[in-house]
Amino acid sequence: FSCNFKGDMLLQVTQVDARIVQCGTFELRSVWKPPEGQSITVAAGNDSQALVAVGGGHLMLLGLNDQNELKELRSNKFEYEISCISMSSIMSSMIFSEENGKDMQVDEGSGSSTALPSVGWKELAAIGMWTDNSIRILNLPSLEEIHKEPLGGETIPRSLLFSAFENIPYLLVGLGDGLLYTFSINLQKLKSDTSNGGDDNDTKMDTSEGDEQRISWLLNRKKVSLGTQPITLSSFRAKDSVSNVFAASDRPTVIYSNSKKLLFSNVNLREVTVMTPFNSESFPNCLALASEEDLTIGTINEIQKLHIRTVPLHEQPRRICHQQSTRTFGLCSTRAGPSNLPYSGSGEMGATLGSMTTSDSYQPNTDDYLRMMEHNYVKLIDDQTFEVLDSFELDEFETCFSIVSCCLSNGEGNAMKDVEGSSSKQSQLEEYMVVGTTYAIDGEQEPMKGRILVFSVAEADCGTGKERKLILRAERQTRGAVYCLSPFNGKLLAGINSKVQLFSFLSKGTGSFELQSECGHHGHIMVLYMQSRGDFIIIGDLMKSISLLMYKSLDGTIEEISRDYNANWMTAVEMCDDEIYVGAENRFNLFTVKKNSEATTDEARHMLNVIGEFHLGEFVNAFRHGSLVMKTESGSSSSSENDVISSFHQVHGNMLYATVNGVLGVMADLDKAQYTMLLDIQKALNKVIKGVGGLSHSEWRAFHNSRKSNPAKGFIDGDLIEMFLDLKRDDMEKVVEYYNKDVSSNIPSPGSSEAVVNTLTVDNLVKIVEELSRIK
């Protein structure tokens, strides 16, 4: 450990000693050594003090005496070994500094501050413990324990950091398994202890029962997974001089704050072991980042909720998939050019991806320019550098229609079964990239021929070392275009023209594999989209909306069990859960259907009930489960809040959609009470906010196509809800007034199972909308 020390000096801590070094001359000014036979395990410090831990749970506070010698000022012994340390120097300089000249205003409900204090506050330290996996808050300089926070689990804390975001102090705890805990520090507790003059009896750990705001130093406990490797936390300042935190791990992340909420943004680096700010004449305002293999000096771009990086392809992308295990993208692309024009298939993206090159031996002629051939490729791209690692060119007239990364079992059951039927070693799931193609032949009314290609991504030796390459493991000729592919319990589902086909991935016993057809299902116009979950499969048909199929393993068949009988021309489908499915159709509408599991007749069970309809106004061409931001797990909310209002803290985006206009949207699940509440808020907003040109919101969002028009149901317009934050205070009060009036006239009768929502205030509604606006 090392840090700047007062008096233009440096503090350096090693396993054998702690030393003070004069800057500039590097003269050794003072040395402190631990007791004989012991070594320093972890350390932390600020500009005037240092905390060091030695074996046996001993913690020592070091500082300079009058002769500028580094001496032990105080010590304490704990029952377990100490795994990490942090001191509140950053928090003190940003939050508790008297130089700010402002008085603190404490929110009695949350313990957070809205302005900087102008009174003297205690210095704090935090230590992480082995064995019981807890965090201890200590008072400085006495080193007395004033709070204990058990973390639970089996992983020890590996890094601690006091930091402040938007004038709110936090304690961040990084664990050895990639989990991060965040706590806000209770300024109300700190204020009460300071007002008592810092009596020792008040600073001792409070274990009595009572209100959390009165006894707990750490509030608003939340947990988020940043990776799988140990986390190392370091603070730095961004270009706008705002303090942020860098979490070094196998998925490096920047932690920042917006509207007094912590947010997390991934950094486009593979792995970082440790980070420190680095500022010099040659590298101003930079960061130094070290990994096991290299040292990188760079800067962090402006931190925002969504980072967009444009990579020129110089050709037309058609399909893309991501393979997490190999950190690669699979890209299907098309370019047009003379048939005999040389092509460079590897190198930097933008320089060689799809670029046409010329050689001295090539002399263009008129026929080349008149006869431009279309070339189709499957390319392997690094997901960090976007370098083209490998390229596979498809046949002439062959076009890629689908690509997916999936795990396939190279056998059946628990034993590998080769083509001849003999059993061998146990089968295993391995990840592959699977591509579906078709041959576009002039004169054919519909494609009559296609292929399924199975690639593995493996490291292969080359002149400069090992590189990831595409290796073709198997291919299968099909009687039609392979419009869609989907993994299915270690097997592969393919939508081929009007048929759903299930394939097994079998070994031939000689290191090669083949796709073998198991069963299929007919009866569709054109199988364009497909998703699966367990033994259930949903189909998005060209004209026949959504169908639900089921695979019966005992019979080896796929059967249709229900369908939506509306004639929707589908553009995308996805399964929300086992019973609810969402679809998009070509008139810019979204709709949801539900499996009628509780129906008493076969006719009713064979019908998917439409439970939601909404006009989006965008052509959706893809749904994906996921989120643009990391999800946090909140602790228990304050008991003073209404249950329904506080439940919005737990709402997370769980599905994304993309449109042909480049729009990315997010969808989130709501329970019945939340939906009812937001629907009433939406109605109140419509009375205050008028549409552009007098267009009615209800008419715009109504589901309508060439066959029917229905009012929107089952959806909440998140864009409209977020507009509440842009209203003036008077308009906000009108919205709340309309809402409370509508709610009071629709209160459920006594004994009803409906949740009774208390009347809202403007501040409560602002909190709800702010929570929802962070769903990404």
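Quantities reported herein were computed from a predicted structural model and do not represent experimental measurements.

Cut-off values and rules
Residues numbered from 1 in each chain as written. Predicted model: local features only at pLDDT ≥ 70, side-chain atom pairs only at ≥ 80, totals over all residues. Heavy atoms only, no water. Salt bridge = Lys/Arg side-chain N within 4 Å of Asp/Glu carboxyl O. Buried < 20%, exposed > 50% of the residue type's maximum accessible area, 1.4 Å probe, protein only. Helix = DSSP H or I, 4+ residues; strand = E, 2+ residues; numbered from the N terminus. Pairing = 2+ DSSP bridges. Patch = residues over 30% accessible without salt bridge, like charges linked within 9 Å, V, L, I, M, F, W, Y side chains within 5 Å. Areas by Shrake-Rupley, 256 points an atom, 1.4 Å probe, with all protein chains shown as cover. pLDDT = per-residue confidence, 0-100. Contact = heavy atoms within 4.5 Å. Phe/Tyr/Trp six-rings, centres within 6.5 Å; stacked < 30°, edge-to-face > 60°. Lys NZ or Arg CZ within 6 Å of the ring centre and 35° of its normal.

> What exactly am I supposed to notice about the pattern of salt bridges here?
Opposite charge on two side chains permits them to pair, given that their charged atoms come into close proximity. A full pass over the atoms with the stated rule returns 25 salt bridges. For Arg-136, the salt bridge is made with Glu-145, and the minimal N-O distance between the two is 3.1 Å. No difference in accessibility class separates Arg-136 from Glu-145, as the two residues are buried. In this structure, the salt-bridge partner of Asp-395 is Arg-451, at a minimum N-O distance of 3.5 Å.

> So what exactly am I meant to see when it comes to the pairing of strand β9 (residues 82-87) here?
On a regular strand, one side chain projects to one face of the sheet and the next to the other, so that they alternate. Burial within β9 is extensive, with six of its six residues counted as buried. Both β9 and strand β10 (residues 123-129) contribute to a ladder of five bridges, which runs antiparallel. Bridge pairing in β10 links Ile-82 to Met-129.

> So what exactly am I meant to see when it comes to a nonpolar patch on the surface here?
Side chains of Phe-278, Phe-283, Leu-295 and Ile-297 sit close together on the surface and give an oily, nonpolar patch of about 350 Å² of accessible area. Tracing the sequence through the fold places Leu-295 in strand β23 (residues 295-298).

> Just checking my understanding: could you explain the confidence of the model for the protein for this structure?
Low-pLDDT portions of the prediction should not be read for the details of their coordinates. Confidence in the prediction for the protein averages 81 pLDDT; 80% of positions are at 70 or higher. The lowest-confidence element of the protein is helix α3 (residues 200-203), averaging 42 in pLDDT; the highest-confidence one is strand β42 (residues 589-594), averaging 97. Residue range residues 339-362 is modelled with pLDDT below 50. Its contacts to residues more than four positions away, or to other chains, number 56 contacts. Throughout residues 749-756 the model reports pLDDT below 50, and contacts reaching past four residues in sequence, or to other chains, amount to six contacts.

> Looking at this structure, how should I read the packing of aromatic side chains?
Going through the model one piece at a time under the given rule, you end up with eleven aromatic pairs. Considering the side-chain rings of Phe-588 and Phe-619, the 6.4 Å spacing of their centres and the 70° angle between planes classify their relative orientation as edge-to-face. Of this pair, Phe-588 sits in the loop between β41 (580-585) and β42 while Phe-619 sits in the loop between β43 (609-615) and β44 (620-625), placing them 31 residues apart in sequence. Taken together, the ring pairs connect Tyr-432, Phe-505 and Phe-513 into an aromatic cluster. A cation over an aromatic ring shows up here: Arg-563 above the ring of Tyr-565, its NZ or CZ 5.9 Å from the ring centre. It is Lys-595 that lies over the ring of Phe-536; its NZ or CZ is 3.9 Å from the centre.

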